[in-house]
Amino acid sequence: HRGKWSEAEGEFRKAIDVDQTRGDWHFNLGLALEAAGRDAEAVECFQHAAKLLPDEVEPWIAAGSAAIRLGRAVDAIPWLERASAIDPKLEIAYARRIEALTARDRHEDAETVYFLAQSALEEYPLCLKAMGEDLMRRGQLDRAGWCFREALRQDPTLLGVRSRLAAVLAATGRPHRALQMYLQ
């Protein structure tokens, strides 16, 4: 918690040397490595933690999220599917799956996951944002704009959505409205 990642790493490695069966220690080592910008090593720790804690959602989400950042969306998809199976009400698992599928240009599958989230959750602003990104990638700007507006309606504090909506507005010939959105 104090940001001393190398010290934390050393302590977790010592603990793991004593007892390699503690999934929570592997997970926390992964968090320390991730915070230090060492995502590739963090993924390995998260995977190991997930094997030791198969019914805990956090290692699966962490592994999938780190894999996406590393450009390994193909690896992330099954881990995120497992997270959704463990907790079908966990929005981040659906949103990250949409992101991973988008990265693989599997747009129809991304829409399917979006609809699964929509049926499982009352509100799903992260999924709306992820789906908006997918639609922008495909050039479906009006639909993307709707997703971004709905995400803002559900969570007005969601980071990055206003700028993405502004980009859609600018690209669809509404520069004055885009400027207003950017200023917000």
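Everything numeric in this text was worked out from a predicted model, so none of it was measured.

Criteria and cut-off values
Residues numbered from 1 in each chain as written. Predicted model: local features only at pLDDT ≥ 70, side-chain atom pairs only at ≥ 80, totals over all residues. Heavy atoms only, no water. 1 Å grid on protein atoms, 1.4 Å probe; cavity = no way out; pocket = protein on both sides within 12 Å on 5 of 7 lines; lining within 4 Å. Points joined across faces, edges and corners; volume = space filled by probe spheres on them. Helix = DSSP H or I, 4+ residues; strand = E, 2+ residues; numbered from the N terminus. Nonpolar A, V, L, I, M, F, W, Y, C, P; charged D, E, K, R; others polar. Phe/Tyr/Trp six-rings, centres within 6.5 Å; stacked < 30°, edge-to-face > 60°. Buried < 20%, exposed > 50% of the residue type's maximum accessible area, 1.4 Å probe, protein only. Expected span 1.5 Å × (residues − 1). Core = buried A, V, L, I, M, F, W, Y, C linked by side-chain atoms within 4.5 Å. Contact = heavy atoms within 4.5 Å. Axes fitted to C-alpha atoms, helices over the stretch in contact; angles between N-to-C directions. Parallel < 35°, antiparallel > 145°, perpendicular 65-115°, else oblique. Left-handed = near helix turned anticlockwise from the far one by under 90°.

A. A look at the layout of surface pockets. A volume near 270 Å³ is recorded for the largest pocket. Lining the largest pocket, in full, are His1, Arg2, Gly3, Lys4, Trp5, Glu7, Ala8, Glu11, Phe12, Asn28, Leu31 and Ala32. Counting residues per element, the lining of the largest pocket draws most heavily on helix H1 (residues 5–18), which supplies five residues. Partitioned by chemical class, the residues of the lining of the largest pocket number five nonpolar, three polar and four charged.

B. Examining the packing of aromatic side chains more closely. All chains considered together, the criterion is met by three aromatic pairs. Ring geometry for phenylalanine 27 versus phenylalanine 46: centroids 5.5 Å apart, planes at 45°, classification tilted. A residue pair is termed long-range when its members are at least 10 positions apart, and phenylalanine 27 in helix H2 (residues 23–35) and phenylalanine 46 in helix H3 (residues 39–52) qualify at 19 residues. Their ring planes at 65° and their centres at 5.2 Å tell us that tyrosine 114 and phenylalanine 115 sit as a pair that is edge-to-face. Phenylalanine 115 gets classed as partly exposed once you look at its relative accessible area, which sits at 45%.

C. Highlighting helix H6 (residues 91–103). Along its 13 residues, H6 runs 19 Å from first to last C-alpha, staying within 8% of the 18 Å computed at 1.5 Å per residue. Of the residues trailing H6, aspartate 105 is marked for its positive phi of about 60°.

D. The arrangement of the nonpolar core in detail. In terms of nonpolar packing, the biggest core is built from 56 residues, with Phe46, Tyr94, Ile98, Tyr114, Cys127 and Phe148 touching the most fellow members. When neighbours within four sequence positions are excluded, phenylalanine 148 is seen to be in contact with Lys129, Gly132, Glu133, Met136, Val161, Arg164, Leu165 and Val168.

E. Quick look at the side chain of serine 84. Relative to the helices and strands, serine 84 is located in helix H5 (residues 73–86). Ignoring anything within four residues of it in the chain, the contact list for serine 84 reads Ala93, Tyr94 and Arg97.

F. Summary view of the packing of helix H8 (residues 125–137) against helix H10 (residues 161–171). The contact between H8 and H10 brings their axes to 11 Å, and the two run at 30°. The angle between H8 and H10 falls in the class roughly parallel. Handedness of the crossing formed by H8 with H10: left-handed. Contacts from Lys129, Glu133 and Met136 of H8 reach H10 at Val161, Arg164, Ala167 and Val168. Considered class by class, the residues forming the contact of H8 with H10 number four nonpolar, no polar and three charged.

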